[in-house]
Amino acid sequence: MTTAEHPGVWTRVVAALHGEVSAATWEAYRDAGQAVFDVLAEMEAQRKAEAGEQSVGVVSGRVATWNALVLQLLGEALIDADYAADPKTVGFLPKVTAEQVSRVLTQVEPWLALARQTQADPGPDITKTVHLPAVLPAWVKVEPCPPAHLTAMVAASARIADYAEAALADAAADPRQEAHLPQLRQMWAEADTAGRYARALLRPGASQELHEAIEDKLHRALELWYRLGRLAADPRLRDQAARHDRTVLADPSTLPGGSAFDPWCLTAPNSREKWRADPRARRAIDLLWAYDPAPAATLTIQAEIDAAFAAGDIVYARTRGGKPLGHYFCCPWGAAYEVRRQVRIAGKRLAPHEQFVFDVSGEELAEGGKFVRRLVRGPFEPTKKVDYCDPEGGHDDDD
């Protein structure tokens, strides 16, 4: 019998022809994330059993549980909708769907761990040290948007709406929320309207323009549900200012030719000496700056990264086993980071627990492409691959 865990030979063949990738990893993440429903039930039972004011630790644990719940529901919906849309490739996902699933399901466990911490020790307030305010991971941009993607978000918004309605009812019974109920109800109405409108627009054969309108409405609804559940659990969060609008500019002296210019400034600090000792790496770095049409733009993004790191908004990324993840495989071998608090870098809003690297490359110029200056989102896995990204000779890989 063919299942998601054990796809048959024909399923593998069809999936390969469709360019789909194995969903085994994300099935494992989905199974592990099921624990959020147990934690949710335990916290709800605790809330009902305890009369009076709850500790800030317990309240912040409910916030972490809500974040994990929404991410889990969204990841499950993406997988299930794709399987329903294409039963012939159950156990495999289109690359765009797999990327979106990875962005949401890899963030369930960190929030779940925080919730578990508050269960073990209800004293500390986790909102004081990490992760809030929080946003949903960035949506994968693809045109045209796969119909299964839209179906998945419709299904996810419907399930999340049910939980959000229950959270709103709990808030209505909480004396602390009396002054804030009008705002919560307004958020509920806006999210519900956006979700219903998207569902009404969704139909077979919809145009790309209609798909984009549906997608925008669903994104808005899901973002509102995500925020509403947190505010319903902890009204203090509405006064917690976001820290992601930091304005940073590159120091002119750090530009090429300046007195403080360091050609290795984009390279992970703990690997610079290794690359400096490599003649091919030195050539690659020199070519990178020679071909960069706007080094000020490159260094401004790096300055934003450095400022976020100094503020503790981002840290060096680690593997699931706790080991340093290291640097990107491609020149200039930038560090891999993990977001601790919501931050905006290079115009991109980055959510807690997301991993990213700053990818700068002129490699595509040799083939008539453009100079690349972008953030690449994880999750990442360790690799021994090395790419010198030579803009005059294309790929130059070592294994």
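As shown above, the structure is provided for reference.
Source: prediction; values computed, not measured.

### Some words on the overall build of the chain
Scanning the chain from N- to C-terminus turns up 12 helices and 10 strands. When each of the 399 residues of the chain is scored for burial, the buried share is 51%. Here the analysis covers contacts within the chain between residues at least 6 apart in sequence; of these, 73% occur between residues at least 24 apart. Surface summary for the chain: the accessible area is close to 18,800 Å², and the carbon and sulfur share equals 54%.

### Notes on the state of the cysteines
Applying the stated criterion across every chain yields a total of one disulfide. A disulfide bridge connects Cys330 with Cys389, and the sulfur atoms are separated by 1.7 Å. Disulfide Cys330-Cys389: the torsion about the S-S bond is -125°, which places it as left-handed. Here the residue Cys330 occupies a position in the loop between β3 (314-316) and β4 (337-339), and Cys389 occupies one in the loop between β9 (386-387) and β10 (397-398), the gap between them amounting to 59 residues. Sulfur of Cys331: no disulfide; nearest cysteine sulfur belongs to Cys389 and is 5.9 Å away.

### Structural notes on the sheet that holds strand β8 (residues 372-377)
The strand order β3-β4-β7-β8 describes an open sheet built from four strands, whose pairing is antiparallel. The open sheet has two free edges, formed respectively by β3 and β8, since each of these has just one partner strand. Taking each pair of neighbouring strands and ignoring which way they run, the sheet shows an average axis angle of 35°. Contacting β3, β4, β7 (355-361) and β8, helix α12 (residues 295-310) runs over the sheet at an angle of about 160° to β7.

### Side note on the nonpolar core
In terms of nonpolar packing, the biggest core is built from 66 residues, with Leu74, Leu93, Trp111, Ile160, Leu222, Trp225 and Tyr226 touching the most fellow members. At the level of elements, α2 (24-33), α3 (35-49), α4 (56-85), α5 (95-105), α6 (108-120), α7 (147-172), α8 (181-201) and α9 (208-233) are the ones that each hand at least two residues to this core. If you tally residues by element for this core, the top one is α4, at 14 residues. Discounting residues that sit within four places of it in the chain, Leu93 has contacts with Glu20, Val21, Ala23, Trp26, Ile79, Asp82, Tyr83, Ala98 and Val101.

### What about the pattern of salt bridges?
Applying the stated criterion to the full structure yields 15 salt bridges. As a salt-bridge pair, Glu338 and Arg340 come within 3.5 Å of each other at their nearest N and O atoms. Judged by its relative accessible area of 15%, Glu338 falls in the buried class.

### Considerations on the pairing of β7
Within β7, seven of the seven residues are buried, leaving the element largely enclosed by the surrounding structure. As paired elements, β4 and β7 share two bridges and run antiparallel to each other. Following the sheet pairing, Tyr337 is matched in β7 by Phe356. Summarising the sheet, β7 and β8 pair through six bridges and their orientation is antiparallel. By the bridge assignment for β8, Val360 is matched with Arg373.

### Some remarks on the packing of aromatic side chains
Per the counting criterion, the structure on display carries 11 aromatic pairs. On the basis of an interplanar angle of 5° and a centroid distance of 3.8 Å, the ring pair of Trp275 and Trp333 is categorised as stacked. Here Trp275, found in helix α10 (residues 272-276), pairs with Trp333, found in the loop between β3 and β4; they are 58 residues apart in sequence, far enough to count as distant. With respect to burial, Trp275 and Trp333 carry one shared label: buried. Ring pairing ties together the aromatic residues Phe309, Tyr316, Tyr337 and Phe356, which thus form one cluster. One residue, Arg280, lies across the ring of Tyr388, its end atom 4.3 Å from the ring centre.

Cut-offs and rules
Residues numbered from 1 in each chain as written. Predicted model: local features only at pLDDT ≥ 70, side-chain atom pairs only at ≥ 80, totals over all residues. Heavy atoms only, no water. Helix = DSSP H or I, 4+ residues; strand = E, 2+ residues; numbered from the N terminus. Buried < 20%, exposed > 50% of the residue type's maximum accessible area, 1.4 Å probe, protein only. Contact = heavy atoms within 4.5 Å. Areas by Shrake-Rupley, 256 points an atom, 1.4 Å probe, with all protein chains shown as cover. Disulfide = S-S within 2.5 Å. Pairing = 2+ DSSP bridges. Axes fitted to C-alpha atoms, helices over the stretch in contact; angles between N-to-C directions. Core = buried A, V, L, I, M, F, W, Y, C linked by side-chain atoms within 4.5 Å. Salt bridge = Lys/Arg side-chain N within 4 Å of Asp/Glu carboxyl O. Phe/Tyr/Trp six-rings, centres within 6.5 Å; stacked < 30°, edge-to-face > 60°. Lys NZ or Arg CZ within 6 Å of the ring centre and 35° of its normal.

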